[in-house]
Amino acid sequence: MILPLDKSRIERIINFYPMRINPYYLSLIKHANCPIGKQAIPDIREIDDVNIAGNPDPLCEEIQSPVTNLIHRYPDRVLFMVSAECAMYCRFCMRKRKVGYPSVVTDETRNIGIEYIKNNKHIQEVVISGGDPLLLEDQILDYILKGLRSIDHIEILRIHSRVPCTLPQRITKDLVDMLRQYHPLFINIHFNHPDEITKEASLACGALSDAGIPLGCQTVLLNGVNNEQNIIKTLMKKLLTIRVRPYYIHQLDVVRGNHHFKTTIEDGLDIMQSLYGISGLCVPQYMIDLPGGGGKVPLLPQYLKYDAVNI
Ligand code: SF4
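Below, the structure is looked at part by part. Predicted model, so just to flag it, every value in this text is computed and none were measured. (Residues numbered from 1 in each chain as written. Predicted model: local features only at pLDDT ≥ 70, side-chain atom pairs only at ≥ 80, totals over all residues. Heavy atoms only, no water.)

**Things to note about the site of the ligand**
Residues in contact with the ligand, as listed here, are C86, M88, Y89, C90, C93, V99, G131 and R162. Taken together, the residues that form the shell around the ligand break down as 6 nonpolar, 1 polar and 1 charged. (Near = heavy atom within 4 Å. Nonpolar A, V, L, I, M, F, W, Y, C, P; charged D, E, K, R; others polar.)

Written as structure tokens, this is what we have:
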């Protein structure tokens, strides 16, 4: 499709934040203002945010990084950034200060990360993130997984990826056959709207599930994209049909360049309340990341209407 875009405006934005929309994701866009288009097409408000000097790293990831591209916030697990590239650059990305700049992650930073994990015996779980790990070449990802699996104290490997949603064709038989060697391996995918659940995405998720990889979904609430009860309810139900278990709904981590996607916590709580009553399998936890690097906490709708002792 041809999008009616102002080239000079787009160029101003992508000087700060790169753009990538692959042909598959482009094919899902009905028009620039549809929920899929809003996630992918640069918006001048990203630059307004730069001008008002929002914080690029309010979650303090950098100061919680003992080595480059590895965040050690909780004692028993780390987040390991192994790629700075994605199949599509989401305009709301909370790590937009880094993604889209491939040189941010190198063989050297990956090796230093593996070494750090090897030397810290209380780490039991590694969240392999980015950017998007599944966009790496098979051999590079295999090298990373092999390195991590060879460490005795590592029990769980978890990959965070948007690829099954934004470029499902990347989930090839070769990739799946490589991944299945590294159990227990979990993959958390990131779908935000029911229109992203296509035949192609279903095939990709089916192939990963058939390889014994449990799949979860982390959805981000985004203003104008999915902050409506019916949209989220439909999304949660559709996820189950492709064997992906809703895991988290996230309050957006607001960073410089994404303020226009911010929703209210009230909206989020109402959405959560609307999910109760449908299958419990469809109900994820609603999470917020505390600014200042304090970690994630769950948010719950208020149900207690009168003194529970008198029930
Ligand atoms: S796929 Fe994830 S890391 Fe990549 S741009 Fe989107 S939200 Fe950011």
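**Looking at helix α9 (residues 199-210)**
Between its first and last C-alpha atoms α9 spans 16 Å; for 12 residues at 1.5 Å apiece the expected length is 16 Å, and the two agree. Along α9, the residues that are buried comprise A201, A204, C205, G206, L208 and S209. The inward-facing, buried residues of α9 abut α2 (23-28), α7 (163-166), α8 (173-179), β5 (185-189) and β6 (215-220). Immediately downstream of α9, the backbone of G212 shows phi near 80 degrees, a positive value. (Helix = DSSP H or I, 4+ residues; strand = E, 2+ residues; numbered from the N terminus. Expected span 1.5 Å × (residues − 1). Buried < 20%, exposed > 50% of the residue type's maximum accessible area, 1.4 Å probe, protein only. Contact = heavy atoms within 4.5 Å.)

**Describing helix α11 (residues 265-275)**
Three or more residues of α11 are buried, namely G268, I271, M272, S274 and L275. One side of α11 carries all its buried residues, which in axial view fall inside an arc of 160 degrees. The elements touched by buried residues of α11 are α10 (229-241), β7 (245-250) and β8 (285-290). Once α11 finishes, G277 follows within two positions and takes phi at roughly 110 degrees, a positive value. (Arc of directions from axis to C-beta.)

**Some thoughts on the side chain of R170**
Within the secondary structure layout, R170 lies in the loop between α7 and α8. Look past the residues within four positions of R170 in its chain and what remains in contact with it is L134, L135, L136, E137, D138, V163 and L175.

**A closer look at the pattern of salt bridges**
The full count for this structure, using the stated rule, is 22 salt bridges. For the salt bridge of R97 with E62, the shortest nitrogen-to-oxygen distance reads 2.9 Å. On the criterion of sequence distance, the pair formed by R97 in the loop between β2 (77-81) and α5 (107-118) and E62 in the loop between α4 (45-51) and β1 (70-74) is long-range, its members being 35 residues apart. Looking at E62, the relative accessible area reads 37%, which means it is partly exposed. (Salt bridge = Lys/Arg side-chain N within 4 Å of Asp/Glu carboxyl O.)

Honestly, that's just the spatial picture; any functional story needs more than this.
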